[in-house]
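Summary of structural features
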Number of protein chains: 2
Amino acid sequence: MKIKRIAHLGIAVKDLEAPKKLYSETLGLKLKNEAVVAAQKVKVSFIQVGESNLELLLPTQPDSPVGKFLETKGEGFHHLALEVEDIHAAVAELKAAGVRLIDETPREGAHGDLVAFIHPKATYGLLVELVQSAH
Amino acid sequence: MKIKRIAHLGIAVKDLEAPKKLYSETLGLKLKNEAVVAAQKVKVSFIQVGESNLELLLPTQPDSPVGKFLETKGEGFHHLALEVEDIHAAVAELKAAGVRLIDETPREGAHGDLVAFIHPKATYGLLVELVQSAH
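Summarised in this report is the structure supplied together with it. (Residues numbered from 1 in each chain as written. Chains lettered and ligands numbered in written order. Predicted model: local features only at pLDDT ≥ 70, side-chain atom pairs only at ≥ 80, totals over all residues. Heavy atoms only, no water.)

1. Observations concerning the overall build of chain A
When you go through chain A residue by residue, the secondary structure sums to three helices and eight strands. Counting from the amino terminus, helix and strand elements in chain A follow one another as β-α-β-β-β-α-β-α-β-β-β. For chain A, whose C-alpha radius of gyration is 15 Å, the value lies close to the compact-globule estimate of 14 Å for 135 residues. If one aligns the C-alpha atoms of chain A with their principal axes, the spans along those axes are about 45 × 30 × 25 Å. Per-residue burial over chain A gives 55% buried out of 135 residues. Counted over contacts in chain A with a minimum sequence separation of 6, partners at least 24 positions apart contribute 52%. Carbon and sulfur atoms make up 50% of the accessible area of chain A, which amounts to about 6100 Å² in all. Of the charged side chains in chain A, 16 are positive and 18 negative; the average position of the first set lies 3 Å away from that of the second. (Helix = DSSP H or I, 4+ residues; strand = E, 2+ residues; numbered from the N terminus. Rg over C-alpha atoms; globule rule 2.2 N^0.38 Å. Buried < 20%, exposed > 50% of the residue type's maximum accessible area, 1.4 Å probe, protein only. Contact = heavy atoms within 4.5 Å. Areas by Shrake-Rupley, 256 points an atom, 1.4 Å probe, with all protein chains shown as cover. Lys, Arg positive; Asp, Glu negative; His and termini not counted. Charge placed at Lys NZ, Arg CZ, Asp CG, Glu CD.)

Next comes the structure, spelled out in structure tokens:
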């Protein structure tokens, strides 16, 4: 498959405002946009770094994947998102190679992107999301 | 300060060969180079993703920062490295802003780069390294 870039780095946080202030005012990065991903019960805030982004992930409810992550592991790195040209082809390729997936079928992420998570057991502890941009 | 790009994503691993095979053969990414950073007791392997890299971190001794990390947290994300134009100016700026640092003075990293780690308490659980490239 063709991976084009790091689309974003998902970071679990307990509050959006303080980290946004750190990354924009102290580190000089550009705040981009925010979105609620209802299916994942999460509000996300994107911060641009070169061709990539940091994606702050704030759960909107405690009984959500990111809410449970915060409870057990605390704030910090959550996942790495890699942009692919064709996510259906990429997922088919991984299945054929016997790579364990969380999403066997791509589903909708933020901004109408199509996403699929690889199981962290298959990637040596790193949670990796494949993303096909809607734009 | 001016952050140019994500330089790399440091990933702690217990073995280099299997993850290198996954990222290159299965995911189609390009293996770049390897280096031993004696001061950190670590062997690193760089894999290119767009303008950024994954940096696999294999400890050369268990009593090393990454060795201890693996023992307590297991394999996975270790740190995010951001490239800055002028690391001395960046560190001075962070000190002036009262941001807690691990390295108050930049030190040598892989490939002769200058690096300084920010304390993860200051960055909401994310270990962030600033890097000034030697090239």
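On we go from here.
2. Points about the packing of aromatic side chains
A full pass over the atoms with the stated rule returns one aromatic pair over all chains. Look at F77 of chain A and F77 of chain B: their rings are 4.1 Å apart centre to centre, the planes differ by 5 degrees, and that puts the pair in the stacked class. In this pair, F77 of chain A sits in strand β5 (residues 76-84) while F77 of chain B sits in strand β5 (residues 76-84), so the two residues belong to two different chains. The residues F77 of chain A and F77 of chain B share a single accessibility class, namely buried. (Phe/Tyr/Trp six-rings, centres within 6.5 Å; stacked < 30°, edge-to-face > 60°.)

3. Some words on unusual backbone geometry
Among all residues save glycine, negative phi is the norm, and among peptide bonds the norm is trans. In this structure, Y124 of chain A is a non-glycine residue whose phi angle is positive, near 55 degrees. Overall, the relative accessible area of 24% leaves Y124 of chain A in the partly exposed class. Despite not being glycine, K41 of chain B shows a phi value in the positive range, around 50 degrees. In this fold, K41 of chain B is placed in the loop between β2 (30-37) and β3 (42-49). You can call K41 of chain B partly exposed: its relative accessible area is 27%.

4. Considering the interface of chain A and chain B
Interfaces are often sized by the amount of accessible area the parts lose when they come together. Listed as interface residues are 35 residues of chain A and, on the opposing side, 35 residues of chain B. If you sort the residues of chain A by the area they bury against chain B, I6, L27 and Y124 of chain A come out on top, with a joint share of 23%. Taken together, chain A and chain B are joined by one residue pair in polar contact (both at pLDDT 80 or more). Of all the secondary structure elements, the ones that give two or more residues to the side of chain A that touches chain B are β1 (3-12), α1 (17-26), β4 (52-59), β5 and α3 (87-96) of chain A. Tallying contributions element by element places β1 of chain A first for the side of chain A that touches chain B, with six residues. Tallied by class, residues from the side of chain A that touches chain B come to 23 nonpolar, seven polar and five charged. (Buried area = accessible area lost by both parts, 1.4 Å probe. Polar contact = N/O pair within 3.5 Å; in protein donor to acceptor, adjacent residues only side chain to side chain. Nonpolar A, V, L, I, M, F, W, Y, C, P; charged D, E, K, R; others polar.)

5. Some details on helix α2 (residues 65-73) of chain B
All names here are of chain B. What α2 keeps buried is the set V66, G67, F69 and L70. The arc enclosing the buried residues of α2, seen along the axis, measures out at 160 degrees, which places them on a common side. α2 presents P65, K68, E71 and T72 as exposed residues on the side facing more than 90 degrees away from its buried surface. Positive backbone phi, approximately 80 degrees, marks G74, located one or two places after α2. (Arc of directions from axis to C-beta.)

6. Quick word on the environment of G28 of chain A
Tracing the backbone through its elements, the reader meets G28 of chain A in the loop between α1 and β2 (30-37). For G28 of chain A, a relative accessible area of 46% puts it in the partly exposed group. Dropping the residues within four chain positions of it, G28 of chain A is found in contact with Y23 of chain A together with M1 of chain B.

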